[in-house]
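Summary of structural features
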Amino acid sequence: MNETTDERKAQRIGMICAVSSMFVWGVMPIYWRALIPIDPFIIILYRIVLTAVTCGVAVLKVYGIAGIKAPLKNKKTIAMLFAAGCLIVISWSVYVAAVHAGQTIQTSIGYYMNPLAVCMLGMIFFKERLTKYKLIAIVFACMGVLVLLVHFMRLPTIALTLAIVFAIYAAIKKHLKIQAIVSLFYETAFLAMITFPVIVYFEATGRGAIHAGEPHQFIMLLFSGIATATPLILFAIAANRISMVSLGMIVYISPSIKLLISIFLFREPFDFGQLVAIMIIWIGLAFFTYGEIRGTSTKIES
């Protein structure tokens, strides 16, 4: 097999993995919604522990004991992993609670805004160059938030929290030069040591998942670690095989699926004001994507 054929095969695998990861993330609100009436707080406790177990098994199988021990050699890395873990748990908590409260539309808006929030953070803290396309994209994103503010007469706190928290999480991950699955293992493992005794306490006192939900819901909850780790592994595989521009454009599939599910399956209220805000944010994303494509093309030509 020549090199061109190998590259095409790698890109095809990368595209399949990227789209698959976005599809899984996109339909996840159905999974979390199916766990009602189990309290979102209990769900997050289980998700932390089970994700740590799932990722631990995967890391052990792929990288061995050496792969698990490697990050522990640097105290700064441990601190960053713990901080990243706290942020991802905040993101999970807001997201699952929002889905349970019938606010899935706001979560999709938050994930639409995420690339722009990451861009703003890079500009502020990492002194990254602000192109005219990124500036236009940020202005449109702010206009979208302003429309939501005027429409609802309050800040879209769920959307903003998800966008900002995940942007900070991405900034921390930028400094962590370790594999995604290893990183997620430690992000959850440190917190699992705290949350596991809490799970035992709630279950022992009759306030946990076993007593709150049906048997099939508890079984579903036990798969939350796999449900969390699987799209991340697929995304990591994709990131190593396709361009960042392609990956960046595919990322929009996930919030789009969430939006469609929240409107047509969950029947959440979706009015003209929300439509206008999303359209404005989409225009900003179009400028952002075009700027990234132009930047990549210029680098290739030079």
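You'll find the structure just up there.
Each chain has its residues counted from 1, following the order in which its sequence is written. A pLDDT threshold of at least 70 governs which residues receive local features in this predicted model, and a stricter bar of 80 or more applies before side-chain atom pairs are shown or counted, although totals over entire chains, interfaces and linings include all residues. Water and hydrogen atoms play no part in the side-chain values, which are based on all heavy atoms of the structure.

Focus on the overall build of the protein chain
The numbering of helices and of strands both runs from the N terminus, where a helix is a DSSP run of H or I of at least 4 residues and a strand a run of E of at least 2. The secondary structure content of the protein chain amounts to 13 helices and 0 strands. Listing the helices and strands of the protein chain from first to last along the sequence gives α-α-α-α-α-α-α-α-α-α-α-α-α. By its C-alpha atoms, the protein chain is 60 × 55 × 40 Å across when sized along the principal axes. Only heavy atoms enter the contact rule, under which two residues are in contact if any of them lie within 4.5 Å. Long-range pairs, those at least 24 residues apart, make up 86% of the contacts in the protein chain between residues at least 6 apart in sequence.

Looking at unusual backbone geometry
Note that the residue after Ile 36, namely Pro 37, is joined by a cis bond; omega there is 20°. Topologically, Pro 37 is positioned in the loop between helix 1 (3–33) and helix 2 (40–69). Despite not being glycine, Met 153 has its phi angle at roughly 60°, a positive value. Think of it in three bands: residues with accessible area under 20% of the maximum for their type are buried, residues over 50% are exposed, and the middle band is partly exposed, with areas taken using a 1.4 Å probe on protein chains only. With relative accessibility at 69%, the residue Met 153 sits in the exposed group. With phi around 60°, Arg 267 is a residue other than glycine that occupies positive phi space. Mapped onto the elements, Arg 267 comes out in the loop between helix 12 (253–265) and helix 13 (272–301). Arg 267 sits in the exposed class, given a relative accessible area of 64%.

A closer look at the pattern of salt bridges
Side chains that differ in sign of charge can pair as their charged atoms come close. Any carboxyl oxygen of Asp or Glu within 4 Å of a side-chain nitrogen of Lys or Arg constitutes a salt bridge here. In the structure shown here, the tally under the stated rule is 2 salt bridges. Glu 268 serves as the salt-bridge partner of Arg 33, at 3.9 Å between the closest nitrogen and oxygen. In this pair, Arg 33 is assigned in helix 1 and Glu 268 in the loop between helix 12 and helix 13, connecting sequence segments 235 residues apart. Judged by relative accessible area, which is 25%, Arg 33 ranks as partly exposed. In this structure, Lys 173 and Glu 187 form a salt bridge, with 2.9 Å as the shortest nitrogen-oxygen distance.

Observations regarding the side chain of Ser 21
With respect to the helices and strands, Ser 21 occurs in helix 1. Classification of Ser 21 by relative accessible area gives buried; the value is 0%.

Things to note about a nonpolar patch on the surface
To count toward a patch, a residue needs a relative accessible area over 30% and no salt bridge; like charges are then connected within 9 Å, while nonpolar side chains (Val, Leu, Ile, Met, Phe, Trp, Tyr) are connected within 5 Å. The accessible surface values rely on the Shrake-Rupley method and a 1.4 Å probe; as for residues, cover is taken only from the protein chains in view. Residues Leu 130, Leu 135, Val 139 and Met 143 make up a contiguous nonpolar surface patch of about 310 Å² in total accessible area. On the secondary structure map, Leu 135 appears in helix 5 (residues 132–152).

As for the side chain of Glu 187
Considering the arrangement of structural elements, one finds Glu 187 in helix 7 (residues 180–204). Glu 187 gets classed as buried once you look at its relative accessible area, which sits at 0%. Of the polar contacts made by the side chain of Glu 187, one reaches the side chain of Tyr 169; its length is 2.7 Å. We define a polar contact as two N or O atoms separated by no more than 3.5 Å, with the added condition that, inside protein, one atom must be a possible hydrogen donor and the other a possible acceptor, whereas residues neighbouring each other in sequence contribute only through side-chain atom pairs. Reaching out from Glu 187, the side chain makes a polar contact with the side chain of Lys 173 at a distance of 2.9 Å. Apart from the residues lying within four places of it in its own chain, the contact partners of Glu 187 are Leu 81, Ala 84, Gly 85, Ile 88, Tyr 169 and Lys 173.

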